[in-house]
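Now for the letters of each chain:
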Amino acid sequence: MRVSLEELRSRLGRWSAGRGPLSVLLAARLRQMIDDGELVPDAVLPPDRTLAAGLSVGRTTVVAAYDLLAQEGRIVRRQGSGTRVAPAPAPLRRRDTANPLFRHLLEPADHVIQLVCAAPDAMPAVVADAYATALRRGITDDIGYHPAGHPRLRAALAERYAVDPATVLVTTGAQQALSLIASALVAPGDRVVVEAPTYPGALEVFRDAAAVLRPVPTTMDGLDVGALVRALGERPALAYLVPTNHNPTGTSVSDLARRRIAAAAAGTVIVEDEALADLGFTEPLPAISRYAPDRVLTIGSLAKTVWGGLRIGWVRGPEPLIRRLARAKAVHDLGTDVPAQLAAAELVSTLDDLRAQRAALLRHRHDHLCALLRDLLPTWRFRPADGGQTLWVELPHGDGNSYAQTALRHGVAVLSGTTLDPNGDSARFLRIPFLSPPDVLTDATQRLASAWREYAAGPRSLVG
């Protein structure tokens, strides 16, 4: 088994964020990965020079780390056969992810400014108020298992979207909604149309389902609708789109394009992710589901508008599909937490006010980050977002993966574009969220600028 540079770099996580020489920190993280079974016996590790370039460090750093692990007997280094994890009884094979988005969430809290996960950084007071109100109303004569969702929350969502409650399924966040859809509608080898780039959590779900990804480009100027229509003409099993306040570019698809997409989707289920739809800086456009209600599953969530710790999401769609997804959810977890659903029902009734407050706050922080980037990193290219939570930023040269390693040593964790691109392209891009308070954004951008000066100076600055 050969471990690619990209996979190893992703799994290393925030390896350089501790104290001490880089070679010691790198050896410590590799040691942990070997001991935990993430790097299996006889796995071939990247060569010294390759790993050094990928981590944006000097070759002596990697050589010293490898030598330390070789002395401990954890790796074997032989002339002509490269560097391998030492032979040993193989641990049980575990299924996990190398995606940096999820890997960073598993890292312990440290001094690093987190710009990887785009989500609200604090629970607003309205969440506690909603729980208190829901619990005062009480829960009686209720076994507590509601695979399709508690009737009170389904009714609140149905009223908000002017649909029948039978066409609404409550899920444990939008991520579970995606997982249920993939498990129910995607068989191994099925084609799934996705944007390139797109939300990395969706890519993980479809890869886990063994789907064949069919990417269509989305640039700073928005979705290539013509390419999408052609892809839909190939009759894929599914098409996953973020048409409003797209993650990561912050663009939105026009109403005319939405009608065109709906018309082209005959025979294909469209999954319309509206998790960010309430965070626009202008009035939202009609959902694609308005133009093709029999072929669209629309995903929503409170994670971005309210708080990610409130694990409440939902799917709206044709009643037969919703029943099918509800059966899958019953097997998965018997239903989402009831007190959380009742609190969510209280919040849904005030969601317009919450949306307006959140969008105004994000607009202010968006403008602050844009001004900082123009001032401190004038060679970086980006387009102001229409809404959402992130900017899609292009580096003038180099690649986002190796720059992210340099940024990490300056105390900022940032997500490279390759993680969000099913083609593995977008290497020169970064996704930068604007959710943090202005003082944190200022500190983070100053660190990014300092890291860029070091990175742009080239190999001469990469000392072990």
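Residues numbered from 1 in each chain as written. Predicted model: local features only at pLDDT ≥ 70, side-chain atom pairs only at ≥ 80, totals over all residues. Heavy atoms only, no water.

A. Examining the overall build of the protein more closely. Across its full length, the protein carries 16 helices and 16 strands. For the protein, the C-alpha radius of gyration of 23 Å lies close to 23 Å, the compact-globule estimate for 464 residues. Viewed in the frame of its principal axes, the protein has a C-alpha envelope of about 65 × 55 × 50 Å. The long-range share in the protein, meaning contacts at least 24 apart out of those at least 6 apart in sequence, stands at 73%. (Helix = DSSP H or I, 4+ residues; strand = E, 2+ residues; numbered from the N terminus. Rg over C-alpha atoms; globule rule 2.2 N^0.38 Å. Contact = heavy atoms within 4.5 Å.)

B. A look at the pairing of strand β12 (residues 313-316). Taking every second residue as pointing to the same face, both faces of β12 are buried, with Gly-313 and Val-315 on one and Trp-314 and Arg-316 on the other. Note that strand β11 (residues 296-301) and β12 share 4 bridges and pair antiparallel. Across the sheet, Gly-300 pairs through a bridge with Trp-314, a residue of β12. (Buried < 20%, exposed > 50% of the residue type's maximum accessible area, 1.4 Å probe, protein only. Pairing = 2+ DSSP bridges.)

C. Examining the sheet that holds strand β2 (residues 75-78) more closely. Pairing within the open sheet is antiparallel, and its 3 strands lie in the order β1-β3-β2. Edge positions in the sheet fall to β1 (44-45) and β2, since each of these pairs with one other strand and no more. Sheet topology places β2 next to strand β3 (residues 82-85); 4 bridges connect them, and they run antiparallel. Paired with Ile-75 across the two strands is Val-85, which belongs to β3.

D. Looking closely at the packing of helix α8 (residues 173-185) against helix α12 (residues 319-333). At their nearest, the axes of α8 and α12 sit 10 Å apart, and the two run at 110 degrees to each other. One finds that α8 runs roughly perpendicular with respect to α12. Where α8 abuts α12, its residues Gln-176, Leu-180, Ile-181, Ala-184 and Leu-185 lie against Leu-321, Arg-324, Leu-325, Ala-328, Lys-329, His-332 and Asp-333. Of the residues that constitute the contact of α8 with α12, the class distribution is 7 nonpolar, 2 polar and 3 charged. (Axes fitted to C-alpha atoms, helices over the stretch in contact; angles between N-to-C directions. Parallel < 35°, antiparallel > 145°, perpendicular 65-115°, else oblique. Nonpolar A, V, L, I, M, F, W, Y, C, P; charged D, E, K, R; others polar.)

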